[in-house]
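For reference, the chains in residue letters:
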Amino acid sequence: MRSRFGLLALVTLVVMALDQWTKWLTLAYIPEHRPIPVIPGFFDLVNVRNRGAAFGFLNRSDIEWQFWLFLGATVVAVAAIIALIRSMRADDRRLVLGLGLVMGGALGNLVDRVRFRAVIDFLDFYIGAWHWPAFNVADVAICLGALLACLSLWRHPREEEPRKGTQA
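Model, not experiment: these values are computed from the prediction.

## Points about the nonpolar core
Here is step 1: Within the largest apolar cluster, 16 residues are counted, with the highest numbers of intra-cluster contacts made by Leu8, Ile81, Ile85, Val96 and Leu99.
Here is step 2: Residue contributions to this core peak at 6 residues, all from helix 3 (residues 93–116).

The structure is reproduced here in structure tokens:
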């Protein structure tokens, strides 16, 4: 069990450090709302703030309660991840890695929310006038971690408990 929590902590800390470092670089070198083309017509580096969640959901400056909603959601997610790791019967490194990516991403974005009341986003993909909402390293980690955790749970479903009155 100790190795599960060690791997979870290591992945979480690496994701948080990489996320915060890239956001520090963004703040230091990219003027706010002035894109830097990397692949013209497809990918820019930007410096934008997102007060909402993924894809700009609840990204409004006229409300304050979304900060508390996302703070609570992060606390619940971290508690759920720790409970899930604790209740695992067998070591599943892929699941722990996935959950560590999710937790590191969630906590990386929480650091921004506490510091700025918004998340720093800087990766902007687009074609013509169509833009995918800008995102960051934490968002990538959350998406990859969720995918990895789902794949792990799908490939190794939890063993069924025998029902009352039936033989195993």
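There's more to say after this.
## A short note on the sheet that holds strand 3 (residues 119–127)
Here is step 1: Taken together, 4 strands build an open sheet; the order of strands is 1-2-3-4 and the sheet is antiparallel. The sheet is open, and its two edges are formed by strand 1 (36–39) and strand 4 (130–131), each paired on a single side.
Here is step 2: Pairing between strand 2 (residues 43–50) and strand 3: 6 bridges, direction antiparallel. Counted as the bridge partner of Val48 is Asp121 from strand 3.

## Focus on helix 3
Here is step 1: Given a rise of 1.5 Å per residue, 24 residues ought to cover 34 Å, and the 34 Å separating the end C-alpha atoms of helix 3 matches this to within 8%.
Here is step 2: Taken from the residues just after helix 3, Arg117 is the one with a positive phi, measuring 60 degrees.

## Thoughts on the pattern of salt bridges
Here is step 1: Counted by the stated rule, this structure contains 3 salt bridges.
Here is step 2: Linking Lys23 and Asp112 is a salt bridge whose minimum nitrogen-to-oxygen distance equals 2.8 Å. Of the two residues, Lys23 is situated in helix 1 (residues 2–29) and Asp112 in helix 3; the sequence distance between them amounts to 89 residues. We note that Lys23, like Asp112, is buried.
Here is step 3: Between Glu32 and Arg49 there is a salt bridge, and its shortest N-O distance comes to 3.8 Å. Highlighted residues: Glu32 in the loop between helix 1 and strand 1 and Arg49 in strand 2, separated in sequence by 17 residues.
Here is step 4: When its relative accessible area of 41% is taken as the criterion, Glu32 is described as partly exposed.
Here is step 5: A cluster of three or more residues bridged by salt bridges with shared partners is formed by Asp19, Lys23 and Asp112.

## A closer look at the environment of Ala118
Here is step 1: On the secondary structure map, Ala118 appears in the loop between helix 3 and strand 3.
Here is step 2: For Ala118, a relative accessible area of 3% translates into the label buried.
Here is step 3: Separated by 69 residues in the primary sequence, Ala118 and Arg49 place their C-alpha atoms 5.7 Å from one another.
Here is step 4: Once residues within four sequence positions are removed from consideration, Ala118 is found in contact with Arg49, Asn50, Arg51, Asp112 and Arg113.

What counts, and where the lines are drawn
- Residues numbered from 1 in each chain as written.
- Predicted model: local features only at pLDDT ≥ 70, side-chain atom pairs only at ≥ 80, totals over all residues.
- Heavy atoms only, no water.
- Core = buried A, V, L, I, M, F, W, Y, C linked by side-chain atoms within 4.5 Å.
- Buried < 20%, exposed > 50% of the residue type's maximum accessible area, 1.4 Å probe, protein only.
- Helix = DSSP H or I, 4+ residues; strand = E, 2+ residues; numbered from the N terminus.
- Pairing = 2+ DSSP bridges.
- Expected span 1.5 Å × (residues − 1).
- Salt bridge = Lys/Arg side-chain N within 4 Å of Asp/Glu carboxyl O.
- Contact = heavy atoms within 4.5 Å.

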